[in-house]
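Residue-level listing of the chains:
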Amino acid sequence: MPYNIDPKQEAAREKAKEFCEKEVVPVAKDLDRRPEPQVFPKDFFKKLGDAGFIGYAFPKEYGGGGYSNLEYATLMEELAYYDPPTCLLAAVQELAAYPIIAFGNEEQKKKYLPPAAKGETVLSFVLTEPEAGSDAANQKASAVPEGDHYILNGEKIFIMHGDVCDTGVVFCRIQEEGVRDKVSAIIVDMDSPGIEQKTLEYKMGMKAATTGRIWFKDVKVPKQNLLGEPGKGFRYAMQTLDGARIGVAAQGVGICQRALDESISYAKKRVQFGSPIAKLQAIQWKIADMSTQVEAARLLTYKAAVLQDEGKRFSLEACHAKLFASEAAHFCVDEALQIHGGYGFIEEFSIIGKLYRDQRVTEIYEGTSEIQRLVIASSLLR
Ligand code: COS
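Basis of the calculations
Residues numbered from 1 in each chain as written. Predicted model: local features only at pLDDT ≥ 70, side-chain atom pairs only at ≥ 80, totals over all residues. Heavy atoms only, no water. Pairing = 2+ DSSP bridges. Helix = DSSP H or I, 4+ residues; strand = E, 2+ residues; numbered from the N terminus. 1 Å grid on protein atoms, 1.4 Å probe; cavity = no way out; pocket = protein on both sides within 12 Å on 5 of 7 lines; lining within 4 Å. Points joined across faces, edges and corners; volume = space filled by probe spheres on them. Nonpolar A, V, L, I, M, F, W, Y, C, P; charged D, E, K, R; others polar. Domains from an automatic or database assignment. Patch = residues over 30% accessible without salt bridge, like charges linked within 9 Å, V, L, I, M, F, W, Y side chains within 5 Å. Areas by Shrake-Rupley, 256 points an atom, 1.4 Å probe, with all protein chains shown as cover. Salt bridge = Lys/Arg side-chain N within 4 Å of Asp/Glu carboxyl O. Near = heavy atom within 4 Å. Polar contact = N/O pair within 3.5 Å; in protein donor to acceptor, adjacent residues only side chain to side chain. Axes fitted to C-alpha atoms, helices over the stretch in contact; angles between N-to-C directions. Parallel < 35°, antiparallel > 145°, perpendicular 65-115°, else oblique. Left-handed = near helix turned anticlockwise from the far one by under 90°. Contact = heavy atoms within 4.5 Å. Phe/Tyr/Trp six-rings, centres within 6.5 Å; stacked < 30°, edge-to-face > 60°. Buried < 20%, exposed > 50% of the residue type's maximum accessible area, 1.4 Å probe, protein only. Lys NZ or Arg CZ within 6 Å of the ring centre and 35° of its normal. Buried area = accessible area lost by both parts, 1.4 Å probe.

Describing the pairing of strand S7 (residues 211–222)
Turning to step 1, where the next piece is worked out: By the bridge criterion, nine bridges tie strand S3 (residues 149–160) to S7 in an arrangement that is antiparallel. If you follow tyrosine 150 over to S7, its bridge partner there is valine 221.
Turning to step 2, where the next piece is worked out: Two elements, strand S6 (residues 195–199) and S7, share five bridges in a ladder whose sense is antiparallel. Bridging from a neighbouring strand, glutamate 196 pairs with tryptophan 215 of S7.

Put into structure tokens, the structure is as follows:
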């Protein structure tokens, strides 16, 4: 039984579990095994929206669920337990909506949040560029003011749902007196002329949640789509990632728990040398280590989410949680594979191979493990 520190978590967990068993488990394998290029699963996404899992943490006044960050982390954990890409489909919408919720004006919130909260529109957080990954401040995309518009040019890559998004929160440099060298954020309607979106092919895992590349060529964006203040975009992006890192940590916790549960169940059934392998100390130690990792990852994740809910600073704790939980998930899926042997390596027999492929990106996106260590160290040594 996973540890709940707040009674509301139990309800969040139960609702997600019921939905996953009915709607996710029957389709997850098929969504993972489709031919390339992957197609964004619009109907499935809408189903998640109808169940209340898209826009879960958006404020209620904009059509969201209004749930706490702790409840949201619990939802992420549970969705990832059943199917990591399903969790990602929901997480990307929250990631991209956050800058609008936190820094947008009333008009922007009313226009963009309600349809996104229902899963009727797809949002993307459009930050990464070919030369601005970990070095996110090195933005080359630029927006030049012209009358009541900006003219946007640039290229973005590894954008979750970027191949299909209807709305992009795009980070770029506004070439204007005073903000010239600073990053800004603008909201872009992706049906504007001059935009090309492409699906990236042959991803290692997380296949149901598609990843895109976007080109902006002389795209007219109304000046009223500027998010917050010009020149504050990098800060907005970093603040957004603080929260998103707790979501990735929760994905890691869900993956750890699934790897552990699968391993316990397999070890009790698999007979070698005349008895179940669960009787072997080599296996018992793996199970003990996995269980310790998952509990520690969960507590770090909940701690960061509680701090966020309390309105306290949580950047450091979000990095602790993301770093530890994503690496714990790596450890747990690797040990689960070792315990399952050939039955783990070949995906017709178990979910372990898929978990292994889905897990790996949790150590990369929303800031690599190396970036988490950098932020942790710089916050302690400043
Ligand atoms: N919240 C608010 N503001 C923040 C912040 C945070 N968590 N982190 C940094 N800032 C602000 C700083 O206060 C500073 O502001 P001023 O210029 O007003 O002083 C500014 O941002 C620059 O901060 P810093 O000097 O620490 O940034 P660096 O360029 O040295 O390092 C790293 C930034 C490497 C930590 C950052 O680029 C990063 O996190 N990169 C990874 C990006 C990422 O996660 N990409 C994944 C894809 S996104 S889906």
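Here's the deal with the layout of surface pockets
Turning to step 1, where the next piece is worked out: Looking at the largest pocket, its volume works out to about 940 Å³.
Turning to step 2, where the next piece is worked out: Around the largest pocket sit 34 residues that line it, and Thr128, Phe158, Ile364, Tyr365 and Glu366 are the ones nearest its centre.
Turning to step 3, where the next piece is worked out: Mapped onto the lining of the largest pocket, the elements with two or more residues apiece are S3, helix H6 (233–269) and helix H11 (369–381).
Turning to step 4, where the next piece is worked out: Of all the elements, H6 adds the most residues to the lining of the largest pocket, at four residues.
Turning to step 5, where the next piece is worked out: Classifying every residue of the lining of the largest pocket by side-chain character gives 20 nonpolar, seven polar and seven charged.
Turning to step 6, where the next piece is worked out: Inspection of the lining of the largest pocket shows a minimum of three residues originating in each of domain 2 (124–230) and domain 3 (234–381).

Some thoughts on a nonpolar patch on the surface
Turning to step 1, where the next piece is worked out: A cluster of nonpolar residues, Tyr343, Phe345, Ile346 and Phe349, forms a patch on the protein surface that exposes about 450 Å² of accessible area.
Turning to step 2, where the next piece is worked out: By secondary structure assignment, the location of tyrosine 343 is in helix H9 (residues 342–345).

Description of the pattern of salt bridges
Turning to step 1, where the next piece is worked out: What the rule picks out here adds up to 21 salt bridges.
Turning to step 2, where the next piece is worked out: In this structure, the salt-bridge partner of lysine 232 is glutamate 229, at a minimum N-O distance of 3.4 Å.
Turning to step 3, where the next piece is worked out: Through salt bridges that share partners, Arg13, Glu77, Glu78, Glu295 and Arg298 make up one connected network.

Details of the site of the ligand
Turning to step 1, where the next piece is worked out: Within the structure, the ligand sits among 17 residues, and Ser134, Arg235, Asp242, Arg245 and Gly367 are positioned closest to it.
Turning to step 2, where the next piece is worked out: Within the side chain of aspartate 242, a nitrogen or oxygen atom sits 2.9 Å from a nitrogen atom of the ligand.
Turning to step 3, where the next piece is worked out: Between the ligand and glycine 367, the relevant distance is 3.0 Å, taken from an oxygen atom to a main-chain nitrogen or oxygen of the residue.
Turning to step 4, where the next piece is worked out: About the coverage of the ligand: the protein hides 60% of its 1000 Å² of free accessible area.
Turning to step 5, where the next piece is worked out: Only H6 and H11 provide two or more residues apiece to the shell around the ligand.
Turning to step 6, where the next piece is worked out: Of all the elements, H6 adds the most residues to the shell around the ligand, at seven residues.
Turning to step 7, where the next piece is worked out: Two domains each donate at least three residues to the shell around the ligand, and these are domain 2 (124–230) and domain 3 (234–381).

Describing the packing of helix H1 (residues 7–32) against helix H3 (residues 69–82)
Turning to step 1, where the next piece is worked out: Running from N to C, H1 and H3 cross one another at 30 degrees; their axes reach a closest spacing of 9 Å. Classified by the angle between their axes, H1 and H3 sit roughly parallel to one another. Relative to H3, H1 is oriented so that their crossing is right-handed. On the side of H1, the interface is formed by Lys8, Gln9, Ala12, Arg13, Ala16, Lys17, Cys20, Glu21 and Val25, while H3 contributes Leu70, Glu71, Thr74, Leu75, Glu77, Glu78, Leu79 and Tyr82.
Turning to step 2, where the next piece is worked out: Residue classes in the contact of H1 with H3 are distributed as eight nonpolar, two polar and seven charged.

Looking at the packing of aromatic side chains
A ring pair, where both rings are aromatic, is described by two values, the distance of the centres and the angle of the planes.
Turning to step 1, where the next piece is worked out: This structure, assessed with the given rule, holds 10 aromatic pairs.
Turning to step 2, where the next piece is worked out: Look at tyrosine 81 and tyrosine 82: their rings are 5.2 Å apart centre to centre, the planes differ by 70 degrees, and that puts the pair in the edge-to-face class.
Turning to step 3, where the next piece is worked out: Of the residues examined, tyrosine 81 reaches a relative accessible area of 17% and is grouped as buried.
Turning to step 4, where the next piece is worked out: By relative accessible area, tyrosine 82 is classed as buried at 11%.
Turning to step 5, where the next piece is worked out: Note on phenylalanine 103 and tyrosine 236: the rings are 3.9 Å apart at their centroids and 15 degrees apart in plane angle, and the pair reads as stacked. With a gap of 133 residues between them, phenylalanine 103 in helix H4 (residues 84–103) and tyrosine 236 in helix H6 connect regions that are remote in the sequence. Taken as a pair, phenylalanine 103 and tyrosine 236 share a single burial class, namely buried.
Turning to step 6, where the next piece is worked out: Among the aromatic residues, ring-to-ring pairing joins Phe19, Phe53, Tyr56 and Tyr67 into one connected group.
Turning to step 7, where the next piece is worked out: Against the face of tyrosine 81 rests arginine 258, its NZ or CZ located 5.4 Å from the ring centre.

Observations concerning the pairing of strand S1 (residues 123–126)
Turning to step 1, where the next piece is worked out: Both faces of S1 are covered, namely the face carrying Leu123 and Phe125 and the face carrying Ser124 and Val126.
Turning to step 2, where the next piece is worked out: In this sheet, strand S4 (residues 167–174) lies alongside S1 in parallel orientation, the contact comprising four bridges. Along S4, the bridge assignment pairs phenylalanine 125 with valine 169.

Looking at the domain arrangement of the protein chain
Turning to step 1, where the next piece is worked out: Examined at the domain level, the protein chain breaks down into domain 1 (8–121), domain 2 (124–230) and domain 3 (234–381).
Turning to step 2, where the next piece is worked out: A straight line from the C-alpha centre of domain 2 to that of domain 3 covers 31 Å.
Turning to step 3, where the next piece is worked out: At the interface, 15 residues of domain 2 touch 14 residues of domain 3.
Turning to step 4, where the next piece is worked out: Both sides of the domain 2 and domain 3 interface together cover about 1100 Å² of buried area, and 74% of this is carbon and sulfur.
Turning to step 5, where the next piece is worked out: The three residues of domain 2 that bury the most area against domain 3 are Phe125, Met204 and Met206, which together make up 45% of that side's buried surface.
Turning to step 6, where the next piece is worked out: At the junction of domain 2 with domain 3, the criterion picks out zero salt bridges.
Turning to step 7, where the next piece is worked out: Put simply, domain 2 and domain 3 have three residue pairs in polar contact (both at pLDDT 80 or more) between them.
Turning to step 8, where the next piece is worked out: Residue composition of the side of domain 2 that touches domain 3, by class: 10 nonpolar, three polar and two charged.

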